Amino acid sequence: MEKVYLKINGDNHQLEVKKSWNLLYVLRQVLKLTGAKCGCSTGDCGACKVLVDGEAKNSCTINVMKAVDKNIVTIEGLAAGPKLHPIQEAFIEAGAVQCGFCTPGMIISTKALLDRTPDPNEAEIVKALDNNICRCTGYVKIVEAVRLASAKLRIHPEAGGEVHD
């Protein structure tokens, strides 16, 4: 076991980990942050997405040792206690949440997109969500949710800040 320090959702964690563990395992099994889902373990489905230094990444493909000195944000880190992030609100309002398995990854990908492109067009939205698989929808409501989130954040940019400590 190795001692590592990880910054997750604004909190510093000192953990004992095996060098072979991936970040998803540490999040779910060690820290009990179960928002990121294990869908494929190969980086193909996007259910395990987290923000790593502001970029949406598949946590199942990141060795925990590579996560040291990174700023990691999970779906749990977007809400401020019971107050949902505007992107989370938009997904609910647009009806983009069905079974919910892919939703955390979709929201994380949306956050990364809107942080760099506040008013994306449809092609930019589709490209940003390309590595997120949803088996329940035809993605129409998900694209609508991203548009709604974009509008919410442009109206109230202060609501879209980084992790709430």
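Just above sits the structure.
What counts and how
Residues numbered from 1 in each chain as written. Predicted model: local features only at pLDDT ≥ 70, side-chain atom pairs only at ≥ 80, totals over all residues. Heavy atoms only, no water. Pairing = 2+ DSSP bridges. Helix = DSSP H or I, 4+ residues; strand = E, 2+ residues; numbered from the N terminus. Axes fitted to C-alpha atoms, helices over the stretch in contact; angles between N-to-C directions. Contact = heavy atoms within 4.5 Å. Buried < 20%, exposed > 50% of the residue type's maximum accessible area, 1.4 Å probe, protein only. Polar contact = N/O pair within 3.5 Å; in protein donor to acceptor, adjacent residues only side chain to side chain. Salt bridge = Lys/Arg side-chain N within 4 Å of Asp/Glu carboxyl O. Parallel < 35°, antiparallel > 145°, perpendicular 65-115°, else oblique. Left-handed = near helix turned anticlockwise from the far one by under 90°.

Asker: Tell me about the sheet that holds strand β5 (residues 71-73), residues and numbers included.
Answerer: If you walk across this open sheet you meet the five strands as β2-β1-β5-β3-β4, and the pairing is mixed. Each end of this open sheet is capped by a strand with a single partner; those strands are β2 (11-17) and β4 (55-58). Shown here is a sheet whose adjacent strand axes are inclined to one another by a mean of 40 degrees, direction ignored. Direction of pairing for strand β3 (residues 49-52) relative to β4: antiparallel, over a ladder of four bridges. Counted as the bridge partner of V50 is K57 from β4. Together, β1 (2-8), β2, β3 and β5 form the strand contacts of helix α1 (residues 23-30), whose direction differs from that of β2 by roughly 100 degrees.

Asker: Could you give an account of the side chain of N58, with specific residues and numbers?
Answerer: Note on placement: N58 falls in strand β4. N58 sits in the buried class, given a relative accessible area of 10%. Within polar-contact distance, the side chain of N58 engages the side chain of N131 at 2.8 Å. When neighbours within four sequence positions are excluded, N58 is seen to be in contact with G43, G46, C48, K49 and N131.

Asker: Tell me what's going on with the pattern of salt bridges, and back it up with residues and numbers.
Answerer: With the rule as written, the count across this model stands at nine salt bridges. The partner of E2 in a salt bridge is K19, and the shortest N-O contact between them spans 3.8 Å. One end of the pair, E2, is in strand β1; the other, K19, is in the loop between β2 and α1, with 17 residues separating them in the sequence. Where salt bridges share partners, they join K83, E89, E93 and K152 into one cluster.

Asker: So what about the packing of helix α2 (residues 86-93) against helix α5 (residues 140-155)? Which residues, and what values?
Answerer: Two packed helices can be described by the angle between their axes and the distance between those axes. In contact at an axis separation of 8 Å, α2 and α5 are set at 140 degrees when each is read in the N-to-C sense. What the angle tells us is that α2 and α5 run oblique. Here α2 runs over α5; the crossing is right-handed. Contacts between α2 and α5 involve P86, I87, E89, A90, F91 and E93 from the former and I142, A145, V146, L148, A149, K152 and L153 from the latter.

Asker: Requested: an account of the side chain of Q88, with residues and values cited.
Answerer: Relative to the helices and strands, Q88 is located in helix α2. Judged by relative accessible area, Q88 falls into the buried class, the value being 9%.

Asker: Describe the pairing of β2, listing the residues and the values that go with them.
Answerer: Here β1 runs beside β2; their pairing, made up of seven bridges, is antiparallel. Across the sheet, the residue bridging to Y5 is Q14, located in β2. Here β1 hands over to β2 after two residues, with N9 in that stretch at a positive phi of 55 degrees.

Everything listed here is a matter of coordinates, which is why it stays silent on function.
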